[in-house]
Amino acid sequence: MEEFQRAYSRLCKESGAEPQEAVLQRLLGLLRGRLDLATQSLTLDTCRALGKLLQKEALLTELVLSDCMLSDEGATLLLQGLCVNTVVRFLDLKGNNLRAAGAEALGKLLRQNKSIQSLTLEWNSLGPWEDAFATFCGALAANSTLRQLDLRNNQISHKGAEELALALRSNASLQQLDLRWNHIGLLGGRALANCLPSNRTLWRLELAGNSIPSDVLRAVEQAMDRNQDRQATVRESQARAHILSKEVQHLREEKSKQFLDLMETIDRQREEMAKSSTASAARVGRLQEALSERHSVISALKAKLQMAEAALALSEQKARDLGERLAAAEQEQRSLAQRQAKEHRLELQEAADRESKLLRDLSAAQEKNLRLRNQVDELERKVKSQQEQLFLSRQELTTTSAELKMRAAQAEERLELEKTRSRQSLEDAEHLRFKEVEHMTRHLEESEKAMQDRVQRLEAVRLSLEEELSRVKAAALSERGRAEEELLKAKSQVRLEEQQRLAHLEEKLRLLAQARDEAQSTCLQQKQMVADAQARASQLGLQVEGLRRRLEELQQELSNKDQEKAAEVTRVRLELQEQNGRLQAELTAQEALKEKAAALERQLKVIASDHREALLDRESENASLREKLRLKEAEIARIREEEAQRASFLQNAVLAYVQGSPLRTLSPPK
């Protein structure tokens, strides 16, 4: 309830007043919808704020404002807020000395409020103000929700009692009224006793302490007893009527459920029938479409069959033409094979001749290498002998050193000259050796480049041979001639170069003993060149073998093509035969589909007849159920009439009992 407290504080601050601490504490301790502000002196600002809060509060059901010393204006503000409240059930305004303004505000509350069932107004001053109290009584007569009213100690006179009696004649909801300790007197008591026969809801009326005679009190008690009995009978009849209404409602609900279930089943059956009819119609449509498609397919297949027959005739004609062409091609192939065999034999002879030539060249080169090795060995022996001679000369020099001391200066000068000359000669030899090495490396690089170019040209020629079979022979012959010429040129060049280098090396070996290493390196280079020449010869042999294999592959391709042509002809024949078989199978399938369509149509007719019979059965069941429902409604109406007759009999019996009782003489006539 902190929100209620905050709202109260906010409204007080808006009006420029401080909220009361006691009220805040009571608002904080609010439990179960009960606000108890008893014995709290509420200011006008607090009443205004509470009135505004009560207009919107939806949780408060019981409001206790007893002994709060409310002023007329404060009570008016509070009751104005309660006029639009729809939640408060119990209101206690005991001991607030409410006067004319309070009575008028209470009358307005009773006219506008539709939720208050219990109103406590004990220890107030409503009775002395006759006009205001008459307004309160008029509002009470129009109220239809108030069940309990406490007006003790309100100084109500006999005129106020008469106003209350008039209100009780019209009020049909008040059940308990407490008028003790007022000033009603004999006249007021009689007025109240006279109004009780017309009021059937009031079953408790307290009149003690009002100076009313005992006979009037007894009459009031008897009237209260009658009202209590009436209320009991009414409650019983209401309970019975409630039970009967529940049973009737239950029967109606069951009947409505049964009817709804029946309607749902009918709707489902109709939907199922509609679905089945639509599905059958769709199936029939699909079957018709399938039949039309089949007819179109059959016509198309017939056309295709005619076209296939024509194509078969054309293919047979083409096959005959191809057979003739194949015979001619076979003859040409045989002639080509003979020519190629002759050329192949010639090429093999030429290759064998070239290989024999290359082998002879290799043997000659090997012999030259052997001679060079022998020369190198002789040179090594000469060098060793010269070294031995030098060693001997050194010994002779050591022995004759003593003798040559006289000639040491001249010898040293000569030695210096010889040293310079030897150095010069060594430098010249080194320079010549470096030049020779560079010349050899350049020559080898140029020869390698030339051979690479030749290899590339040969590869290009090989590719062109693979692409164009018609130019294979001429290109191969020309390439072979070129290769032989280049090989001869390379051999002649190698021979010339070898002769020149050998002569140069012999001169160098004769001139310089220190060039042994260079001779060995040149020998190794020559060996490498011979190996390169052998590798080139082997590459050329491999190229020749590749060309042979290429010719064999071409021959194999020609034979494969012939086989493929024959296989294609046989495949075409088989395909035509298969197409004919498929067409015949499709024709048989079409006939089977026609039979199935006829069977489906018969099934659809049977299903439609079954659905018609089911619909007729459902309609007959619906008619029988409607008849049963009409009989049940008639029975319910008969039960209602019997209950109404019983209630009228009971009412007549009660009236007869009341009219025949001895207390009837005490009650005044209506």
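As a starting point, this report considers the structure included with it.

The rules behind each value
- Residues numbered from 1 in each chain as written.
- Predicted model: local features only at pLDDT ≥ 70, side-chain atom pairs only at ≥ 80, totals over all residues.
- Heavy atoms only, no water.
- Helix = DSSP H or I, 4+ residues; strand = E, 2+ residues; numbered from the N terminus.
- Rg over C-alpha atoms; globule rule 2.2 N^0.38 Å.
- Buried < 20%, exposed > 50% of the residue type's maximum accessible area, 1.4 Å probe, protein only.
- Contact = heavy atoms within 4.5 Å.
- Areas by Shrake-Rupley, 256 points an atom, 1.4 Å probe, with all protein chains shown as cover.
- Expected span 1.5 Å × (residues − 1).
- Pairing = 2+ DSSP bridges.
- Axes fitted to C-alpha atoms, helices over the stretch in contact; angles between N-to-C directions.
- Core = buried A, V, L, I, M, F, W, Y, C linked by side-chain atoms within 4.5 Å.
- Salt bridge = Lys/Arg side-chain N within 4 Å of Asp/Glu carboxyl O.
- Disulfide = S-S within 2.5 Å.

Here's the deal with the overall build of the protein
Summing up its helical and strand segments, the protein has 12 helices and 7 strands in all. Rg of the C-alpha trace for the protein: 71 Å, well past the compact-globule value of 26 Å for 670 residues, more than 25% over. For the protein, the spread of C-alpha atoms along the principal axes amounts to about 195 × 110 × 35 Å. The buried share of the protein, reckoned over its 670 residues, is 28%. Sequence separation of 24 or more characterises 82% of the internal contacts of the protein that already satisfy a separation of 6 or more. Working note: accessible area of the protein is about 43,900 Å², and carbon and sulfur atoms make up 53% of it.

Examining helix 3 (residues 44–56)
For helix 3, built from 13 residues, the straight-helix expectation of 18 Å at 1.5 Å per residue is met to within 8% by its first-to-last C-alpha distance of 19 Å. Three or more residues of helix 3 are buried, namely T46, C47, A49, L50, G51, L53 and L54. On its buried face, helix 3 is in contact with helix 1 (2–14), helix 2 (21–28), strand 2 (62–64) and helix 4 (72–83).

Let's talk about the sheet that holds strand 6 (residues 176–178)
Within the open sheet, the 7 strands sit side by side as 1-2-3-4-5-6-7. Their pairing is parallel. Strands at the two margins of the open sheet, each flanked by one partner only, are strand 1 (34–36) and strand 7 (204–206). Within the sheet, the average angular offset between the axes of one strand and its neighbour, ignoring direction, is 0 degrees. Of the pairings in the sheet, the one linking strand 4 (residues 118–120) to strand 5 (residues 148–150) comprises 3 bridges and is parallel in character. Counted as the bridge partner of L119 is L149 from strand 5.

Details of the nonpolar core
With 73 residues, the main nonpolar core has L106, L121, L149, L151 and L179 as its most contacted residues. With 7 residues, helix 6 (residues 130–142) is the single largest residue contributor to this core. L106 has contacts with L79, L93, L98, L119, L121, L126 and F136, leaving out every residue within four places of it along the chain.

Re the pattern of salt bridges
Enumeration according to the criterion identifies 17 salt bridges in this entry. The shortest N-O distance in the salt bridge between R34 and D36 comes to 3.4 Å. Relative accessible area serves as the criterion here: at 27%, D36 is assigned to the partly exposed category. When the shortest N-O distance is used, the salt bridge between E264 and R268 registers 3.9 Å. Remark: R268 and E264 occur in helix 9 (residues 214–399); sequence separation between them is 4 residues, near one turn of the helix. Exposure remark for E264: the relative accessible area of 42% places this residue in the partly exposed category. Beyond isolated ion pairs, a larger network of salt bridges with shared partners links K94, E122, D150, R152, D178 and R180.

Remarks on the environment of E378
Here E378 lies in helix 9. E378 sits in the partly exposed class, given a relative accessible area of 40%. It is 27 Å that separates the C-alpha atoms of E378 and E438, two residues lying 60 residues apart in sequence.

Quick look at the state of the cysteines
Summed over the entire model, instances satisfying the criterion amount to 0 disulfides. Unpaired in terms of disulfides, C83 finds its nearest cysteine sulfur in C47, a separation of 15 Å. Cysteine C195 is unpaired, with the sulfur of C137 as its nearest cysteine sulfur at 11 Å. The exposure class of C195 is buried, given its relative accessible area of 0%.

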